[in-house]
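Letter by letter, the chains look like this.
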Amino acid sequence: MIMKMNEYKRQVITVLAAFLIMTVSRSLAAEECRDTVVIDSVVYTVPTRWCGHKMDSTQIADKTRLVRLPAELCFEDYRIYVLPETRDALVKMAAAARADSIELIVDSGFRSAAYQKRIYRRRLAEGESFDKIVQFVAPPGYSEHETGRAVDMVPSNASFAHTEAYRWLKKNAHKFGFYETYPETKEGLIPWESSHWCYQPSE
Ligand SMILES: [Zn+2]
């Protein structure tokens, strides 16, 4: 009986210790994130989802290389710019999709950090909180759209996940070098952005 009791205590202590280590390491990890963005002199803390994902200068598109997407791939009369290699791959992919009776339309490509900041300024001015905006819009400096490789498909919201176009992309996009950056299952990168695809060929 004493042996059993000791064994029980040992197990309880082990479980408690494991829990303590988990809790402490988790809060340390949370504290490690010191990323901030400054908008109109106000400093905002970047949420965990984006922490450590700031684009570095090697990832940001050289603006002089940007080219316009053909009008037939753009939503309404939007002028959308991406890198030439992104455009070429997208044109090929859209043609293949069309052959399968799927129309791929894009409503966003390259966006600069300055543009991203303007989105924040406008929405903050409209009374939205930073915490609310950041749930749907990458903080300035963190958007993959700054690379000139990312595009948003239409409809560029959660409903895209229920379209034939999304099903087609899941099956075929990789053949053209396009990947879903924030798929449903990718831990820590919620919310899921089914309409956001990035050209990242594996050379
Ligand atoms: Zn996007």
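Residues numbered from 1 in each chain as written. Predicted model: local features only at pLDDT ≥ 70, side-chain atom pairs only at ≥ 80, totals over all residues. Heavy atoms only, no water.

(A) Examining the environment of Arg-118 more closely. In this fold, Arg-118 is placed in helix H3 (residues 113-125). When its relative accessible area of 48% is taken as the criterion, Arg-118 is described as partly exposed. With 79 residues separating them along the chain, Arg-118 and Ile-39 place their C-alpha atoms 9.2 Å apart. (Helix = DSSP H or I, 4+ residues; strand = E, 2+ residues; numbered from the N terminus. Buried < 20%, exposed > 50% of the residue type's maximum accessible area, 1.4 Å probe, protein only.)

(B) Just the packing of aromatic side chains, in detail. Counted by the stated rule, this structure contains 8 aromatic pairs. Between Phe-75 and Tyr-78 the ring centres are 5.2 Å apart and the planes differ by 90 degrees, which places this aromatic pair in the edge-to-face class. We classify Tyr-78 as partly exposed; its relative accessible area is 34%. Centre to centre, the rings of Phe-178 and Tyr-199 are 5.3 Å apart; their planes meet at 45 degrees, and the pair counts as tilted. Linking Phe-178 in strand E7 (residues 178-180) with Tyr-199 in strand E8 (residues 196-199), this pair joins segments that are 21 residues apart in sequence. Tyr-199 carries the same exposure label as Phe-178, and that label is buried. Cation over ring: Arg-49 sits above Tyr-182, and NZ or CZ is 5.1 Å from the ring centre. (Phe/Tyr/Trp six-rings, centres within 6.5 Å; stacked < 30°, edge-to-face > 60°. Lys NZ or Arg CZ within 6 Å of the ring centre and 35° of its normal.)

(C) Layout of the coordination of the zinc ion. On the protein side, the zinc ion has His-145 (NE2), Asp-152 (OD) and His-196 (ND1) as donor atoms, found 2.0 to 2.1 Å from it. Between consecutive donor residues of the zinc ion, the sequence gaps follow H-x6-D-x43-H. On the criterion of sequence distance, the pair formed by His-145 in the loop between helix H4 (130-133) and strand E6 (150-153) and His-196 in strand E8 is long-range, its members being 51 residues apart. Given a relative accessible area of 2%, His-145 falls into the buried group. (Donors = N, O, S within 2.8 Å, 3.2 Å for Na, K, Ca; no water.)

(D) The pattern of salt bridges, seen in detail. Tallied over the full model, the rule gives 10 salt bridges. Residue Arg-149 pairs with Glu-85 through a salt bridge whose shortest N-O separation is 3.6 Å. Pair noted here: Arg-149 is in the loop between H4 and E6 and Glu-85 is in helix H2 (residues 84-99), with a separation of 64 residues, a long-range link. Classification of Arg-149 as partly exposed rests on a relative accessible area of 26%. Note on Glu-85: relative accessible area 24%, which makes it partly exposed. Between Glu-126 and Arg-122 there is a salt bridge whose closest N-O contact spans 3.9 Å. For Glu-126, a relative accessible area of 55% corresponds to the exposed category. What makes Arg-122 partly exposed here is its relative accessible area of 46%. Overlapping salt bridges bring together Arg-65, Glu-85 and Arg-149 as one network. (Salt bridge = Lys/Arg side-chain N within 4 Å of Asp/Glu carboxyl O.)

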